[in-house]
Amino acid sequence: MKNRPVLITVVGPTAVGKTAVAIRIARALQTVVISADSRQFYREMSIGTAKPTAAELAAVPHYFIDSHGITANLSAGDFEREALELLGGLFEQYRQVVVVGGSGLFVDALRHGLDDLPRPLAGVREKWNRIFAEQGIEPLQQALAAADPVYFEEVDRQNPQRLIRALEVWESTGNPFSSFRKRDASKEGEVNESAESNLRPFDTLMIGLDMDRERLYERINERVDLMMQSGLLDEVRSLYHHRHLPALKTVGYAELFDYLDGKMSLEAAIEKIKQNTRRYAKRQLTWFKKDPDTVWFDPSEPEKIHQYILSDLIFTR
């Protein structure tokens, strides 16, 4: 048996079925679930973030769902601190805790910690903020693609806050943002020496979920249609006066804000949501596939996942 508590982490692209698998694992182990989805934290964003249903939330206790107001702007560093404090208490009661989410940066922050990034030069952030305000997001995307193609393949390209942060690090230091991350892609997911000083008091068991691309994209398209039927447009309309907040620079919200501004038809906005969600799923997989510790399953294989977890908990380490 393991002597240290275990963080069972379920990752994968959006719409692959992470929530159902995480709940199944938590029920089998009689434990709880922590969400590492960077948008499900916010109470005001429900339909567009595909939060667990009321029945799913009732099945096992969940944390970091509806935990913050939309103005809180919870960063990966904030999540790391708050989640570690929470885990300190949970591991006194449970030997295993399940974490689930598709936000790679937040998952990595909890598992390994974040690097101390250099302070940007004066005026750099303001410059990129001004470019975004005057010209939109495309110049940011183009600049980051040229300056840091590694991070560009992983980042949420519709999130100006993430793009600007990477650009200001690059312009201030002359080095790409990706070079400051503890999990260096050039080492194929191996934790480098700077991360060794931040070892956690728990072990991590990584479970990745994936499926055939055509099947995943069909699920994404169906989910978007269901969101619209469930009232996503009304939810977005209710948040219109908050649209400047970083949390709402998000797929599913940004496109419908453009519709409300008369920039495109509703049909075009819906198709754009589907397209951007498929692209986001691809970037999520790019991020998670770099971690050699992750063992991958199809979500339709619950017994294989269950047996893998049991064998790891009982027979290894």
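Residues numbered from 1 in each chain as written. Predicted model: local features only at pLDDT ≥ 70, side-chain atom pairs only at ≥ 80, totals over all residues. Heavy atoms only, no water.

### Concerning helix H10 (residues 213-229)
Counting along an α-helix, one turn takes 3.6 residues, and residues three or four places apart therefore face a common direction. Definition in use: Note on conventions: DSSP H or I runs of at least 4 residues are helices, E runs of at least 2 residues are strands, and numbering of each starts at the N terminus. To estimate how far a helix should reach, multiply one less than its number of residues by 1.5 Å. Each residue's exposure class comes from its accessible area (1.4 Å probe, protein chains only) as a fraction of the maximum for that residue type: buried when under 20%, exposed when over 50%, partly exposed otherwise. Note: the arc covers the axis-to-C-beta directions of the helix. Whether two residues are in contact is decided by their heavy atoms, any of which lying within 4.5 Å being enough.
Under the 1.5 Å per step criterion, the end-to-end length of H10 is 24 Å for 17 residues, consistent within 8% with the ideal 24 Å. Within H10, the full set of buried residues consists of Leu216, Ile220, Val224, Met227 and Met228. In an axial view of H10, the angular spread of the buried residues amounts to 115°, which keeps them on one side of the axis. Set apart from the buried face of H10 by more than 90 degrees, the exposed residues are Glu214, Glu222, Leu226 and Gln229. Where H10 is buried, its residues touch helix H11 (232-238), helix H12 (254-260) and helix H13 (266-289).

### Observations concerning the sheet that holds strand S2 (residues 33-35)
Put simply, the test is: Only strands joined by at least two bridges in the DSSP assignment are considered to pair.
Spatially, 6 strands are ordered S3-S2-S4-S1-S5-S6 in an open sheet, and the strand pairing comes out parallel. A strand with exactly one partner marks an edge of an open sheet, and here the two such strands are strand S3 (62-63) and strand S6 (295-297). With 3 bridges connecting them, strand S5 (residues 203-209) and S6 associate as parallel partners. Across the sheet, residue Leu209 finds its bridge partner in S6, namely Phe297.

### Here's the deal with the pattern of salt bridges
Quick reminder of the rule: The salt bridge criterion pairs a side-chain nitrogen of Lys or Arg with a carboxyl oxygen of Asp or Glu, the two atoms within 4 Å.
Summed over all chains, the structure comprises 21 salt bridges. Its salt-bridge partner being Arg4, residue Asp203 comes within 3.0 Å of it at the nearest N-O pair. One end of the pair, Asp203, is in strand S5; the other, Arg4, is in the segment before strand S1 (6-11), and 199 residues separate them in sequence. Two residues, Arg215 and Asp298, come together in a salt bridge whose shortest N-O distance is 3.0 Å. With Arg215 in helix H10 and Asp298 in the loop between S6 and helix H14 (302-315), the pair connects residues that are 83 residues apart, well separated along the chain.

### Some words on the pairing of strand S4 (residues 96-100)
A large share of S4 lies buried, amounting to 5 of its 5 residues. Burial of the side chains of S4 extends over both faces: Gln96, Val98 and Val100 are buried on one face and Val97 and Val99 on the other. Two elements, S1 and S4, share 5 bridges in a ladder whose sense is parallel. Bridge pairing in S4 links Val6 to Gln96.

### Here we look at the nonpolar core
Basically, it comes down to this: Among buried residues, those of type Ala, Val, Leu, Ile, Met, Phe, Trp, Tyr and Cys that are joined through side-chain atoms within 4.5 Å constitute a nonpolar core.
Grouped together as the largest cluster of nonpolar side chains are 45 residues, with contacts concentrated most on Phe79 and Val97. Breaking this core down by element, the ones donating at least two residues are S1, helix H3 (76-90), S4, helix H4 (104-112), H10, H11, H12 and H13. Excluding residues that lie within four positions of it along the chain, Val97 makes contacts with Val6, Leu7, Ile8, Thr31, Val32, Ile34, Leu87, Leu90 and Phe91. Among the nonpolar cores identified, the runner-up in size contains 26 residues, and Val16, Val21, Val98 and Leu205 belong to it.

### A few points about unusual backbone geometry
One non-glycine residue with positive phi stands out, namely Ala15, at about 75°. Here Ala15 shows up in the loop between S1 and helix H1 (18-29). For Ala15, a relative accessible area of 5% puts it in the buried group. Its identity as a non-glycine residue notwithstanding, Gln30 has a phi of 55°, on the positive side. Locating Gln30 in the fold gives a position in the loop between H1 and S2. We classify Gln30 as exposed; its relative accessible area is 67%.

### Here we look at the side chain of Lys274
Relative to the helices and strands, Lys274 is located in helix H13. The buried category is assigned to Lys274, whose relative accessible area is 11%. Beyond its immediate chain neighbours, meaning those up to four positions away, Lys274 contacts Ile220, Asn221, Val224 and Asp225.

### What about the packing of H10 against H13?
Put simply, the test is: Inter-axis angles, ranging from 0 to 180 degrees, are taken between N-to-C directions of lines fitted to C-alpha atoms, where helices are fitted over the stretch in contact. An angle counts as roughly parallel when it lies under 35 degrees, as roughly antiparallel when it exceeds 145, as roughly perpendicular when it falls between 65 and 115, and as oblique in every other case. Take the far helix as your reference; a near helix turned counterclockwise from it by less than a right angle gives a left-handed crossing, and one turned clockwise gives a right-handed crossing. Ten residues, namely Ala, Val, Leu, Ile, Met, Phe, Trp, Tyr, Cys and Pro, are considered nonpolar, four, namely Asp, Glu, Lys and Arg, are considered charged, and the remaining ones, Gly among them, are considered polar.
Relative orientation of the contacting elements H10 and H13 amounts to 140°, with a least axis distance of 10 Å. Between H10 and H13, the interaxial angle falls into the category oblique. With respect to the hand of their crossing, H10 and H13 are arranged in right-handed fashion. Across the interface between the two elements, Arg213, Leu216, Tyr217, Ile220, Asn221, Val224, Asp225 and Met228 of H10 pack against Leu266, Ile270, Ile273, Lys274, Thr277, Arg278, Ala281, Lys282 and Leu285 of H13. Grouping the amino acids of the contact of H10 with H13 by side-chain chemistry returns 10 nonpolar, 2 polar and 5 charged.

### Looking at the confidence of the model for the chain
Selection criterion: Per-residue confidence from the predictor is reported as pLDDT, which spans 0 to 100.
For the chain, mean pLDDT is 89; residues scoring 70 or higher make up 91% of the total. Counting interchain partners and residues more than four positions distant, the pLDDT-below-50 stretch residues 183-198 has 28 contacts.

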